[in-house]
Amino acid sequence: MIYQSILNSSGKKRKLALLIDPEETSSDVLPALIESALRGCVSIILVGGSLVNHPVGPLIDAIKKICSLPVLLFPGTPGQLSDKADGLLLLSLISGRNPEFLIGNHVVAAKFLKKSSLEIIPTGYMLIENGITSSAEYMSNTRPMPANKPELAVSTALAGEMLGMKLIYLEGGSGAPTAIPAELISAVKKNISIPLIVGGGIRSAGDLKKVYEAGADIAVVGNAVENDATKLLEIAKAIK
Ligand code: 1GP
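Residues numbered from 1 in each chain as written. Predicted model: local features only at pLDDT ≥ 70, side-chain atom pairs only at ≥ 80, totals over all residues. Heavy atoms only, no water.

Describing the pairing of strand 6 (residues 167-171)
Thought 1: Counting buried residues in strand 6 gives five out of five residues, a clear majority hidden from the surface.
Thought 2: Here strand 6 shows two buried faces, one formed by Leu167, Tyr169 and Glu171 and the other by Ile168 and Leu170.
Thought 3: As defined by bridge partners, strand 5 (residues 119-127) adjoins strand 6 across five bridges and the pair is classed as parallel. Its bridge partner lying in strand 6, Tyr125 is registered against Tyr169.
Thought 4: Across four bridges, strand 6 lies against strand 7 (residues 196-199) in parallel orientation. Each bridged residue has a counterpart across the sheet, and for Glu171 the counterpart in strand 7 is Gly199. (Buried < 20%, exposed > 50% of the residue type's maximum accessible area, 1.4 Å probe, protein only. Helix = DSSP H or I, 4+ residues; strand = E, 2+ residues; numbered from the N terminus. Pairing = 2+ DSSP bridges.)

Next comes the structure, spelled out in structure tokens:
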């Protein structure tokens, strides 16, 4: 069980997740990226994006051919579902007030998910502002939360936990210029008892270290490494 392994390491061993966006990662770079992922202690691969036009199945097949890391879907839209993955972050965009991203898409996906063997992990997904309009913000038609108001993030994360979410994901947006502020991450971490994922704008080992020190159980790296596999090894030095 992927969630059980996240729970077991929560608060003890930090995990690194590699986000592979099917739109942004070419098949030429994939083998080198996976090799770096294995050498750089990546323990989870996320597949998805805000707007994906390619089917995700062939990409997951290609990943599975070269490694046995668990693959979790991270779908921005119901069109990104595939039972070739091991599991799914069932994202509820609890920072926003768009019902499609709180329940509508979940209803569309429910029967497919019930039939699949995917491990489903309900996740409170919180978009935090970062100075630019992220694809997630634009595509979800929601406002991100202010980065300088940790108390709002804490209440939102708590509400997510009380609603039964099993993870909280603090998202700065793919390609964000900077990672989510440490103060906000640590305020959320101190107040919840479920594991915390943090992603968006992690571009160096220094960024990763700060995110872990602030309390992230899992950090997600995508944009900075998607066309440069060696960069992943450099960033991952913060785990050791
Ligand atoms: C985006 O949190 C992930 O959904 C990763 O962000 O692509 O900026 O690393 P980056």
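Don't stop here, the text continues.
Digging into the site of the ligand
Thought 1: With respect to spatial proximity, 14 residues lie near the ligand, and among them Glu171, Ser174, Gly175, Gly222 and Asn223 are the closest.
Thought 2: Between the ligand and the protein, one listed contact pairs an oxygen atom with a backbone N or O atom of Gly222 at 2.8 Å.
Thought 3: Here Asn223 contributes a backbone N or O atom positioned 2.7 Å from an oxygen atom of the ligand.
Thought 4: Where the shell around the ligand is concerned, the elements lending two or more residues are strand 6 and strand 8 (218-221).
Thought 5: Along the lines of polarity and charge, the residues of the shell around the ligand split into five nonpolar, eight polar and one charged. (Near = heavy atom within 4 Å. Polar contact = N/O pair within 3.5 Å; in protein donor to acceptor, adjacent residues only side chain to side chain. Nonpolar A, V, L, I, M, F, W, Y, C, P; charged D, E, K, R; others polar.)

Digging into the nonpolar core
Thought 1: Counting residues in hydrophobic clusters, the biggest one holds 82 residues, and the most contacted among them are Leu46, Ile63, Leu89, Ile168, Leu170 and Val188.
Thought 2: Filtering out sequence-adjacent residues up to four positions away, Leu46 remains in contact with Ala17, Leu18, Leu19, Ile20, Leu72, Phe74, Leu89, Tyr169 and Val220. (Core = buried A, V, L, I, M, F, W, Y, C linked by side-chain atoms within 4.5 Å. Contact = heavy atoms within 4.5 Å.)

Things to note about the packing of helix 2 (residues 30-39) against helix 9 (residues 229-236)
Thought 1: Here helix 2 crosses helix 9 at 15 degrees, and the two axes come no closer than 8 Å. In terms of their interaxial angle, helix 2 and helix 9 are classed as roughly parallel. In this structure, helix 2 meets helix 9 at a crossing whose hand is right-handed. Here Ala32, Leu33, Ser36, Ala37 and Arg39 of helix 2 come into contact with helix 9, specifically with Ala229, Thr230, Leu232 and Leu233.
Thought 2: Looking at the contact of helix 2 with helix 9 residue by residue, the class counts come to six nonpolar, two polar and one charged. (Axes fitted to C-alpha atoms, helices over the stretch in contact; angles between N-to-C directions. Parallel < 35°, antiparallel > 145°, perpendicular 65-115°, else oblique. Left-handed = near helix turned anticlockwise from the far one by under 90°.)

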